[in-house]
Every structure is written in structure tokens, then in C-alpha cells.
Amino acid sequence: MTNHRGRVAVVTGAARGLGQAVARRLAASGATVACADVDGVAARKTAEEIGANGGRAAGFEVDVTSEASLAALREQVHAVLGRVDMVMNVAGILDRRQMADTDGEAFRRVIDVNLTGTYLTTRAFAADMTERGWGRVVNTASIAGVTGYVYPSYAASKAGVVNLTRSLLVDFWGTGVTVNAVCPGAMDTEMLDRSAIPAFIRKTPAGRVVTPQEVAAVFDFLAGEEAACVNGATIVVDGGATAVFRYADPEPRG
Ligand SMILES: NC(=O)c1ccc[n+]([C@@H]2O[C@H](COP(=O)([O-])OP(=O)(O)OC[C@H]3O[C@@H](n4cnc5c(N)ncnc54)[C@H](O)[C@@H]3O)[C@@H](O)[C@H]2O)c1
């Protein structure tokens, strides 16, 4: 049983989907949670709901691509909840287009949110953790980051998150801060094209898509005391899908 009592976590993407599930799960394990999202109204709703269920949380608006926005978030979180022990990078976008239908600006946007946003958010709270000699960073990659995938900007951004995760170990060497990546398989959230779910299920040994709650349970473990020696790892939570197929297969395209 994880116990995050006395710890403060920042969860990006907390307005809905996986980020919301991570925020709820960490709060249920005792953490005080800063629910952060570009949709500040929905992030505050997540926090209110956690509060109504007996947890401690506050909602904040942030754009993870903006250093100024992240600096403001840090100030607000310090003022309202205190210094941060855990950074859960969940915010992300998917551009469901292939190369011929897109351009450099669209490609850069996905890299900016998914990869640069993960880097900037971690950087914004790094000193909080290193000064205290303890910290947890959990990044959201995807199975599209460890296989080829039909949407190049997304796959490139998520492969980047996997190797960013390994490489940040050098920055955090000997500080008590661990950095890991979780690679969810298809989850039934707003990001997924739901019409593709049957195709995913056909290629998943578990016989169904993964739930955000199942993925959040892995975040919860990685954020905890017992995961101290899990560091630089890439943990796939996909019902067995990538063990038996590649996303570069002509289908599914979710
Ligand atoms: N749904 C899936 O099948 C799936 C599979 C693998 C990985 N993922 C990853 O899981 C994470 C969560 O996705 P989800 O499925 O919950 O999708 P979602 O679209 O429901 O949630 C994404 C959240 O990120 C927020 N966000 C987007 N841009 C932002 C920005 N610039 N700053 C702050 N917040 C921003 C959105 O407002 C939204 O609340 C993403 O990183 C996604 O790539 C999802």
C-alpha cells in the first residue's frame, strides 16, 4: 500500500482522462495534489471532487509549453500547497495526421507539448526536489514511443519522452530523485478515436483496452517510497499488445 502522506504532487493534464485518474489515485494514497491543466476550470473541478471525497487538492491553469506559465504555477503551488515532491507529467496531445497532411508547425506543436512540456515542467520543479533530497518524476510516454506508429509527430514525441527519462538521470544523479516513464496502451479517453477500439482489442491479449485507473496505479507505485530503485525505467501497461504487434501495422489507427 503506497502512502504519500506529507507529500505534494503536481499532476499535469489533470482536467480529464489519465491525468485526472492519476490525481485521484495519488490523493487517495494521501498526497496533496496540484491539479494542473491548460483547461484551468476543469482542473479545478478535479481538485474540488478530490476535496469532496476527503482528499487534499487545488486546481491550477498552466500551459506546459510556456516557461512563464510554469514559473507562475510554481509560485502559486508554493503559496497554496507548499514545495513539490512529485512531478507527474501527463499532459499531452495527439495530432491524428500523417506526413502528407501536415506541416512543420503542426509537427513542432506536438513535440512542444508532449516532449518539451515534460522537460520544462520537470525543470520548473527540479530544485524543490533536489533541495529536499527526495523526489519522483513520472513521465507519460506511450506504446507509440517504443514501436513505430502511424502518426509521426506523436510517435517521435513519445520516443523522445522515453529517452529524456533515461537522460535526466544524469541531472538527478545522487539527489534522491527518480525519473521513470509509463507507456500506456490504448485507453478509452477523449484522446482516442473510439471507432478504433475494436481494432485495438483484436490485437491485445488482455481482450480489452487499458483503463486510466490501471495506468494510474503504476504512477502511484512509481511515486512511492518503495520504488526508490526503479529509476530510468520504461514501464509498458498495454494488456500485452506490443509484445505481439507493432503499431506500424496498417491498422489500428486510433
Ligand atoms: N488515450 C490513450 O490511448 C493514450 C495512450 C498512450 C498514452 N497516452 C498519453 O496519456 C496522456 C493523457 O492523455 P489522455 O488519454 O488522458 O488524453 P486527454 O486528451 O483526455 O487529456 C490530455 C490532457 O492534457 C491537457 N493538455 C493538453 N495540452 C496541454 C498544455 N499545453 N498544457 C497543459 N495541459 C495540456 C488537456 O487539456 C487534457 O486535459 C497523454 O500524454 C497521452 O499522450 C494516451
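Numbering of residues begins from 1 in every chain and follows the order in which that chain's sequence is written. Local features are withheld for residues below a pLDDT of 70 in this predicted model, meaning they are given only at 70 or higher, and side-chain atom pairs are given and counted only at 80 or more; totals for whole chains, interfaces and linings count all residues. Side-chain figures throughout are based on the complete set of non-hydrogen atoms in the structure, without hydrogens or water.

**Quick notes on the site of the ligand**
Part 1 of the argument: Whether a residue is near a molecule or strand is decided by its heavy atoms; if any one of them lies within 4 Å of it, the residue is near. R16, L18, D37, Y154 and T189 are the nearest of the 28 residues found near the ligand.
Part 2 of the argument: In protein, a polar contact requires one atom able to donate a hydrogen and another able to accept it; more generally it is a pair of N or O atoms within 3.5 Å, and residues adjacent in sequence count only if both atoms are side-chain atoms. At 2.5 Å, a side-chain N or O of T189 approaches an oxygen atom of the ligand.
Part 3 of the argument: When isolated, the ligand has an accessible area of 830 Å², and the protein chains bury 94% of it.
Part 4 of the argument: For the ligand, the cavity whose grid points lie within 2 Å of the majority of its atoms is the largest pocket.
Part 5 of the argument: If you list the elements that add at least two residues to the shell around the ligand, you get helix 1 (17-28) and helix 5 (152-172).
Part 6 of the argument: Polarity classes work like this: nonpolar for Ala, Val, Leu, Ile, Met, Phe, Trp, Tyr, Cys and Pro, charged for Asp, Glu, Lys and Arg, and polar for all others, with Gly in that last group. Of the residues belonging to the shell around the ligand, the class tally is 16 nonpolar, seven polar and five charged. Computed with a 1.4 Å probe, the accessible areas rest on the Shrake-Rupley method; for each residue, only the protein chains presented here act as cover. Residues are said to line a cavity or pocket when one of their atoms sits within 4 Å of a point; the points come from a 1 Å grid over protein atoms alone, cavities being sets where a 1.4 Å probe fits but cannot get out and pockets being open sets with protein on both sides within 12 Å along at least five of seven lines. Whether a molecule lies in a cavity or pocket depends on its atoms, and more than half of them have to be within 2 Å of the grid points. Numbering of helices and strands runs from the N terminus; a helix is a DSSP stretch of H or I covering at least four residues, while a strand is a stretch of E covering at least two.

**Some details on the nonpolar core**
Part 1 of the argument: Counting 29 residues, the largest nonpolar core has V11, V22, L26, M88 and F219 as the members making the most contacts within it.
Part 2 of the argument: Those elements that place two or more of their residues in this core are strand 1 (8-12), helix 1, strand 2 (32-37), helix 2 (40-52), strand 4 (86-89) and helix 7 (212-222).
Part 3 of the argument: Examining the composition of this core, we find that six residues originate from one element, helix 1, more than from any other.
Part 4 of the argument: To qualify as a nonpolar core, a set must consist of buried Ala, Val, Leu, Ile, Met, Phe, Trp, Tyr and Cys residues joined through side-chain atoms within 4.5 Å. Here's how the labels work: a residue is buried when its accessible area is under 20% of the maximum for its type, exposed when over 50%, partly exposed in between, all with a 1.4 Å probe on protein chains only. If you look at the next biggest cluster of nonpolar residues, it comprises 26 residues, including V8, A58, F60 and V137.

**Overview of the side chain of D95**
Part 1 of the argument: Position of D95 relative to the elements: it lies in the loop between strand 4 and helix 4 (104-132).
Part 2 of the argument: Setting aside its immediate chain neighbours within four residues, D95 contacts T102, A106, V110, Y151 and S153. Should any heavy atoms of two residues lie within 4.5 Å, those residues are counted as being in contact.

**Some remarks on the sheet that holds strand 4**
Part 1 of the argument: Read from one edge to the other, the open sheet built from seven strands follows the order 3-2-1-4-5-6-7, with strand pairing classed as parallel. With one partner strand each, in any of the chains shown, strand 3 (56-61) and strand 7 (234-237) form the two edges of the open sheet. Mean inter-strand twist for the sheet, computed between neighbouring axes without regard to direction, equals 20°.
Part 2 of the argument: Two strands are said to pair when DSSP picks up at least two bridges between them. Inspection of the sheet shows strand 2 paired to strand 3 by six bridges, in the parallel sense. Within strand 3, the residue paired with V33 across the bridge is A57. Comment: axis = line fitted to C-alpha atoms, over the contacting stretch for helices; angle = value between 0 and 180 degrees taken between N-to-C directions.

**Comments concerning the pairing of strand 1**
Part 1 of the argument: Within strand 1, five of the five residues are buried, which leaves the element mostly enclosed by the surrounding structure.
Part 2 of the argument: Across the two faces of strand 1 the burial is the same, with V8, V10 and T12 and A9 and V11 all buried.
Part 3 of the argument: Strand direction decides the pairing type here: strand 1 and strand 2, joined by five bridges, are parallel. Within strand 2, the position partnered with A9 by the bridge is V33.
Part 4 of the argument: Read as a crossover between parallel neighbours, the route from strand 1 over helix 1 to strand 2 is right-handed. We call a crossover right-handed when, viewed with the strands running away from us, the connection from the first strand over the helix to the second turns clockwise.

**Digging into the packing of aromatic side chains**
Part 1 of the argument: Side-chain rings of Phe, Tyr and Trp (the six-membered ring for Trp) are treated as a pair once their centres are within 6.5 Å; stacked means planes under 30 degrees apart, edge-to-face means over 60, and tilted covers the remaining angles. Applying the stated criterion across every chain yields a total of two aromatic pairs.
Part 2 of the argument: Ring centres of Y149 and Y151 lie 5.3 Å apart, and the angle between their planes is 90°; this geometry places the pair in the edge-to-face category. Here Y149 matches Y151 in class, with each residue buried.
Part 3 of the argument: When the centroid spacing of 5.9 Å and the interplanar angle of 55° are considered together, the rings of Y149 and Y154 count as tilted. Across the pair, Y154 and Y149 agree in class, each one buried.
Part 4 of the argument: These aromatic residues form a ring-pair network of at least three members: Y149, Y151 and Y154.
Part 5 of the argument: One residue, R7, lies across the ring of W134, its end atom 3.5 Å from the ring centre. We call a charge positioned above a ring when the Lys NZ or Arg CZ atom is no farther than 6 Å from the ring centre and deviates by at most 35 degrees from the ring normal.

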